[in-house]
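Commentary on secondary and tertiary structure
One letter stands for each residue in the lines below.
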Amino acid sequence: MFSCQLMVDPDAPNPSDPTLREYLPWLVTDIPGTLDSSYGRVETIYESPLPEIGVHRFVFVLYKQLGRWTVAPPGNMFRQNFRTREFAINYNLGFPVAVDYYNSRRESAQRLFPFIPKSTWAENLRAIPPASSFQRPPDFRSLLIDINKTGSGKINIGQRTTSDVVVRLRTQQGRDECLYCHSHILTEQSIYFANRISKTWQTCETLDFRHCIELYCHESEFDYYVITLRLFYVEDLSFPYNVRNTLGILQVAIRLGCDKISDACVNYLEAVPWEEAEEKDILTTVSGLGLKYMSVFSRLQPVNPTATVRIFAATFRFASSSLPISLRDSKSSAQDQISYMLTKDVNEPDDCDSGNDGDDDDVDFLTTNDMLKLEVGRCVERLLIHFNDLVTSFGNVDGIFHIDEIEKLKSSLSDLSWSCQILSKMDMMRDLVRVWYTSSINVVKAVEILRNAKKTNRAAILKIEEDDEQWKVIRVVCMVLEAISYGNVILPTSTRLFMVNIWLPFVRKARIVSHDCSFIEDDNTENNEINTNTMSKSFATSNDVIWQCIESAFISIIVTLPSKDQAGIMAEWLRSDHVGYPDLTEAFGLWCHRSKIARQRFAFLLKKDRQ
């Protein structure tokens, strides 16, 4: 913890007309928490109180700093009209930690200057040597070199007694601050100051008997200039700044030609983690600094396509494998990342300076090839074998099973549904249809097992969300049926008939209960069992678009089947108590039309053959 201590005179120059209020006789910053002000950094050199008129109050205020180097002092040139409250607000100091004051007034002239006889005054005047006999004091630079050689003390910024140059920072908004510095440190740390202080550069003015170097900057950069000048006096640059402040310091260091500080900023940016907002600031700032600083973007550089394919394959193997419950979260995260890798993204205009308006073509993060598709196919085959074995081990769907077994089945069914969606994104529709055709009977059986488990064993009721396993099955069914109906995957008649016979009853039942699906607790039963006429809550919130797509797909597939098979399907549909979904009226009308004119068509063909 670091603190800053200041001393102000609110009654300067006199209590009745304090035009200089507040006057700043003393300011010390960076005081360690366990030590006194003598261990801090003197920013405004102490001036003894010398009130001219009346009684003056001298107030001491102690603030707690946010950290080291977080307070930029007003300097010795700005003692008058200091504002303690504005000072605390500007540097987020909050309320004072401690406050104290004392009163002081000028002592009488008789006590300060006792009576001296006139003869004594004359003797003293005659004793003063002529002006030519005075020796000029050494200049500040020589004095500074002598101090360095003797090692009599450490040099800090703001030490007026050893300073030989003043850096004056100014902004267009009127902010003006002078920092007492040392030329040998400025020339060692900065190419810009080395040129300004050299003999070939004419210094425009002198301030307080020192060379003055004026720097103009934007108001938002002012504090970064002050911090950078302070860092000239620091040996260890492993400073604990945040990313935004480091970016500001980096820009100033580059302008002043401070390689040591700019390198330290780059090392910091390369080593620390970034928040999303900080990442955008880095992209905006560093991209305009030149190729020398592009190493900051090393974590953002695109990866070699070969490496991307390798990590995708490894992630898919992990995401599709059978893992213990302790790794369920990691597996779910891997599945999410696989889906994200296959999702096309669009360039954001804020993240690049291409000058476009955001209407870029889609960007492919991963380019799939035959080898990658082969590896994914093998993983799905292993997943399918595991799922079929697990369903087969359950035997009767009406049995009572342990909750751990239900969890395994639920997880396996979820993995199978997820892998089918990935096959669709990778344009592996033939593999998707083949896998779903092979596992259709066991998928229906798994859903029935989960449904019965929820009915018969309250302890086995799992968390039901909108995207639970049953609804995931419906989504995959939609993708498979659409691929068949559009002719994207060509299947023999027997296979198409099999898919209709398996999934039409399943979808019809799911859709029927979706309009009136809620968990109804029977208060008359001792065990508070759940009503057996309900399904999972997810079907109640099903997507009407998907239901419509499934219905259209069934119609398109049915009308491609042989007429006798169509007749059987229509008869079953009409015998059902619920003919509302799927609505096969269109297919039924087409079957009636074809059947009615079938004899006439074939008679015409037979007659043509005889001729």
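Residues numbered from 1 in each chain as written. Predicted model: local features only at pLDDT ≥ 70, side-chain atom pairs only at ≥ 80, totals over all residues. Heavy atoms only, no water.

What counts is decided by this rule: UniProt positions are given in the numbering used here, feature names are shortened, and annotations may be inferred rather than shown by experiment.
Looking at an unreviewed UniProt entry, one finds the chain named BTB/POZ domain-containing protein and attributed to Zostera marina. A UniProt comment under Pathway (unreviewed entry) is attached to the chain, and it reads "Protein modification; protein ubiquitination."

1. Structural notes on the packing of aromatic side chains
In plain terms, the rule: Centres within 6.5 Å make a pair out of two Phe, Tyr or Trp rings, where for Trp the six-membered ring is used; the pair is then stacked when the planes are under 30 degrees apart, edge-to-face when over 60, and tilted otherwise. Accessibility here uses a 1.4 Å probe with only protein chains present; expressed as a share of the type maximum, an area under 20% marks a residue as buried, one over 50% as exposed, and anything in between as partly exposed. By definition, being over a ring means that NZ of Lys or CZ of Arg is both within 6 Å of the ring centre and within 35 degrees of the ring normal.
In the structure shown here, the tally under the stated rule is 16 aromatic pairs. Ring centres of Phe82 and Phe87 lie 5.4 Å apart, and the angle between their planes is 50°; on these two criteria the pair is classed as tilted. Residue classification places Phe82 among the buried positions, given a relative accessible area of 6%. The exposure class assigned to Phe87 is buried, which follows from its relative accessible area of 5%. Ring-pair connections join several aromatic residues into one group, and the members of that group are Phe58, Phe60 and Tyr102. The ring of Trp274 carries Arg299 above its face, with NZ or CZ at 3.7 Å from the centroid.

2. Quick word on the pattern of salt bridges
Note the following rule: In what follows, salt bridge is the name for a side-chain nitrogen of Lys or Arg lying within 4 Å of a carboxyl oxygen of Asp or Glu. Numbering goes from the N terminus for both helices and strands, where a helix is a DSSP run of H or I of at least four residues and a strand is a run of E of at least two.
Inspection of the entire model under this criterion finds 20 salt bridges. The partner of Arg57 in a salt bridge is Asp11, with the nearest N and O atoms 2.8 Å apart. One end of the pair, Arg57, is in strand β4 (residues 55-64); the other, Asp11, is in the loop between β1 (2-9) and β2 (23-32), with 46 residues separating them in the sequence. Since its relative accessible area comes to 38%, Arg57 is described here as partly exposed. Where Glu214 meets Arg170, a salt bridge forms, and the shortest distance between an N and an O atom there is 3.4 Å. Taken as a pair, Glu214 in strand β9 (residues 210-216) and Arg170 in strand β6 (residues 165-170) lie far apart in primary sequence, 44 residues in all. By relative accessible area, which is 14% here, Glu214 ends up buried. We classify Arg170 as partly exposed; its relative accessible area is 25%.

3. Considerations on helix α9 (residues 259-271)
Spelled out, the test is: Any helix carries an expected span of 1.5 Å times its number of residues minus one. Contacts are assigned to residue pairs that have any heavy atoms within 4.5 Å of one another.
With 13 residues, α9 should reach 18 Å at 1.5 Å per residue; the first-to-last C-alpha distance of 18 Å fits that figure. Listed as buried for α9 are Ile261, Ser262, Ala264, Cys265, Val266, Tyr268 and Leu269. Here the buried face of α9 lies against α7 (222-231), α8 (243-256) and α10 (276-286).

4. Things to note about the side chain of Asp30
Positionally, Asp30 belongs in strand β2. With residues up to four places along the chain from it excluded, the contact list for Asp30 reads Phe2, Ser3, Tyr39, Gly40, Arg41, Gln65, Gly67, Arg68 and Trp69.

5. A closer look at the environment of Ala483
Within the element layout of this structure, Ala483 appears in helix α16 (residues 469-485). You can call Ala483 buried: its relative accessible area is 1%. When the C-alpha atoms of Ala483 and Leu432 are compared, they prove to be 9.4 Å apart, with 51 residues separating the residues in sequence. Look past the residues within four positions of Ala483 in its chain and what remains in contact with it is Met429, Val433, Asn488 and Val489.

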